Amino acid sequence: MPRSQSNPLDAPRASVSIATTDNLTDFYLLAQVIESGGFSAAAKRTGISKSRLSRRIIELERRLGSQLLLRSTRTLTVTPAGEEVFQHIQDMLRAARAA
């Protein structure tokens, strides 16, 4: 293929790969927040700052187009969409362990 012409499928594949990796990491972080009961405990568990965890979950919610967690100063509640995503994460983790 001449240099001036590139394969139009190359860039989307790279983007999908990066997005998939981000989603998998963020799914793992979401599971840590839910299992730990909050961002502080998840930060200790993962070694990632609370603010970074929060930003990653907010970005995941933006990409999915749905709020997964309801946050207040004292409580964290998993939304129905968050519960559904969490169940899928648990299924993926079980499948990965069984592989």
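Conventions used here
- Counting of residues starts from 1 at the beginning of each chain's written sequence and follows it residue by residue.
- Totals for whole chains, interfaces and linings use all residues, but because this is a predicted model, local features are given only for residues with pLDDT of at least 70 and pairs of side-chain atoms are given and counted only at 80 or more.
- The basis for every side-chain value is the complete set of non-hydrogen atoms in the structure, without hydrogens or water.
- The numbering of helices and of strands both runs from the N terminus, where a helix is a DSSP run of H or I of at least 4 residues and a strand a run of E of at least 2.
- Between buried and exposed lies partly exposed: a residue is buried under 20% and exposed over 50% of the maximum accessible area for its type, with that area taken using a 1.4 Å probe on protein chains only.
- Here, two residues are considered to be in contact whenever any of their heavy atoms come within 4.5 Å of each other.
- Using a 1.4 Å probe, accessible areas were evaluated by the Shrake-Rupley method; residue-level cover was limited to the displayed protein chains.
- Any carboxyl oxygen of Asp or Glu that lies within 4 Å of a side-chain nitrogen of Lys or Arg is treated as forming a salt bridge with it.
- How far a helix is expected to stretch is found by multiplying one less than its residue total by 1.5 Å.
- It is the directions from the helix axis to the C-beta atoms that the arc portrays.
- To define a nonpolar core, start from buried Ala, Val, Leu, Ile, Met, Phe, Trp, Tyr and Cys residues and group those joined through side-chain atoms within 4.5 Å.

Draft legend 1. Quick peek at the overall build of the protein. Of the regular secondary structure elements, the protein holds four helices and two strands. In sequence order, the protein lays out its α and β elements as α-α-α-β-β-α. Put simply, the protein has 99 residues, and 26% of those count as buried. Considering only contacts within the protein whose residues lie at least 6 apart along the sequence, 44% involve residues at least 24 apart. Total accessible area computed for the protein in this model is approximately 6,800 Å², and 56% of it derives from carbon and sulfur atoms.

Draft legend 2. The arrangement of the pattern of salt bridges in detail. Throughout the structure, instances matching the rule amount to seven salt bridges. Linking D26 and R63 is a salt bridge whose minimum nitrogen-to-oxygen distance equals 2.7 Å. In this pair, D26 is assigned in helix α1 (residues 10-36) and R63 in helix α3 (residues 50-64), connecting sequence segments 37 residues apart. Residues E59 and R62 are paired through a salt bridge, measuring 2.4 Å at the closest nitrogen-oxygen approach.

Draft legend 3. Representation of α3. Over its 15 residues, α3 runs 21 Å from end to end, which matches the ideal 21 Å to within 8%, given 1.5 Å per residue. Of all the positions in α3, only L53, S54, R56, I57, L60 and E61 are classed as buried. Along the axis of α3, the buried residues cluster in a sector spanning 165°; they form a single face. The positive-phi residue at the C-terminal boundary of α3 is G65, with phi of around 70°.

Draft legend 4. Focus on helix α2 (residues 39-46). Inspection of α2 places F39, A42 and A43 among the buried residues, and these make up the whole buried set. An end-on view of α2 places all buried positions within 105° of arc, on one side of the element. Remark: G47 follows α2 within two positions and exhibits a positive phi of approximately 80°.

Draft legend 5. Spatial organisation of the nonpolar core. Membership of the largest hydrophobic core comes to 17 residues, with the highest contact counts inside it found for L30 and L69. At the level of secondary structure, the elements contributing two or more residues to this core comprise α1, α2, α3 and α4 (80-98). The biggest single contributor to this core is α1, with six residues. Leaving out residues up to four positions away in the same chain, L30 has contacts with I57, L60, L68, L69, V85 and I89.

Draft legend 6. How the structure looks around the side chain of T79. Considering the arrangement of structural elements, one finds T79 in the loop between β2 (76-78) and α4. Owing to a relative accessible area of 9%, T79 belongs among the buried residues under this scheme. Filtering out sequence-adjacent residues up to four positions away, T79 remains in contact with Q67, L68, L69 and L70.

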